[in-house]
Amino acid sequence: MSASSEVHVNSGVCTAEDVSAIINNKITEKPDWEPLYQYAVEFD
Amino acid sequence: MIPGQDLLPPEVQDDLAVLFCDAVSCIAEENGLPDEVVDVSSNELALALSEARKDLVIMLTRRVALTSKSGGPEKFNGLSIGKLAGILVFRLSRYRIVHVNTSAIKPTNARALKLSSKIQELAALRFASETILKVRPLVWHPELLYVLSRRHINQEMLGVTFDVIATYCPNLTTTSPLDKPPFDKFYKRAS
């Protein structure tokens, strides 16, 4: 596997309209953040 | 592509501010923190987003210049969503944006007290995962939370990390599919 060809480090976001399109495309499922909350309370 | 193009004009910064505040509210609600103990500084939030805008202008200018040396600016294909998320998460976790009045939390509520000290970093990660990357929380989130809140990382390394995550982690479902135009140019999966 070639990291340079597989990971798309330069791609797509060229304009403010692109950013708006990304942030306005809302998710339609509710992810479970409880495991991360649990981790957060385990360290000071 | 114009070098120095503004990816975060004021109206986009306003939208991002609302979405970040939504993430803070969701985390507070899901962890039993009453609204009255959580305060978001609109001034600090605006400063963070303004600085993120400058980071993006600089990154864009630098990358267009680099691409110009190897084929012309027209070869530049835009920044990745990982870089966008990296810059935003860095700035949203560094300014004094979220304040929790822990004196209003019962000393016996250890969960709320401990979570309060990382709520801003939690919100930045949740905001980036849901709003930009569209990835579900996975095993990499705890490590990033720790590094972000207690160790050191900069916007560029966060960007590289998010690039890998965006390429390999399963996506959340969205109103418009990520594998169809115009979103397929931002969300490219590993082949």
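Above this text sits the structure in question.
Rules used throughout
Residues numbered from 1 in each chain as written. Chains lettered and ligands numbered in written order. Predicted model: local features only at pLDDT ≥ 70, side-chain atom pairs only at ≥ 80, totals over all residues. Contact = placed C-beta atoms within 7 Å. Helix = DSSP H or I, 4+ residues; strand = E, 2+ residues; numbered from the N terminus. Core = buried A, V, L, I, M, F, W, Y, C linked by C-beta atoms within 7 Å. Buried ≥ 20, exposed ≤ 12 C-beta atoms within 10 Å, placed from the backbone. Arc of directions from axis to C-beta.

### A word on the interface of chain B and chain A
- With 50 residues of chain B at the interface, the matching set in chain A holds 30 residues.
- Of all the secondary-structure elements, those providing two or more residues to the side of chain B that touches chain A are helix H1 (10-30), helix H3 (81-94), helix H4 (110-116), helix H5 (119-133), helix H6 (140-150) and helix H7 (155-168) of chain B.

### Observations regarding the nonpolar core
- Ranked by size, the top nonpolar core spans 57 residues in total, and within it Ile81(B), Leu84(B), Ala85(B), Val89(B), Ala123(B), Ala128(B) and Leu133(B) carry the most contacts.
- Here this core gets 9 residues from one element, more than from any other, and that element is H5(B).
- Here Leu84(B) is in contact with Val13(A), Val19(A), Leu79(B) and Ile132(B), once residues within four sequence places are set aside.

### Remarks on helix H2 (residues 16-24) of chain A
- Of the residues making up H2(A), those classed as buried are Asp18(A), Val19(A) and Ile22(A). Taken down its axis, H2(A) places every buried residue within 100° of arc, on the same side. The exposed set on the far side of H2(A), more than 90 degrees from its buried face, consists of Glu17(A) and Asn24(A).
- Looking at the buried side of H2(A), the elements it contacts are H1, H3 and H5 of chain B.

### Notes on the environment of Lys134(B)
- With respect to the secondary-structure elements, Lys134(B) resides in the loop between H5 and H6.
- A tally of 25 C-beta atoms within 10 Å means that Lys134(B) is categorised as buried.
- Placed 33 residues apart in sequence, Lys134(B) and Asn101(B) show a C-alpha to C-alpha distance of 31 Å.
- When sequence neighbours within four positions are dropped, the list of residues in contact with Lys134(B) reads Ile27(A), Asn171(B), Leu172(B), Thr174(B) and Leu178(B).

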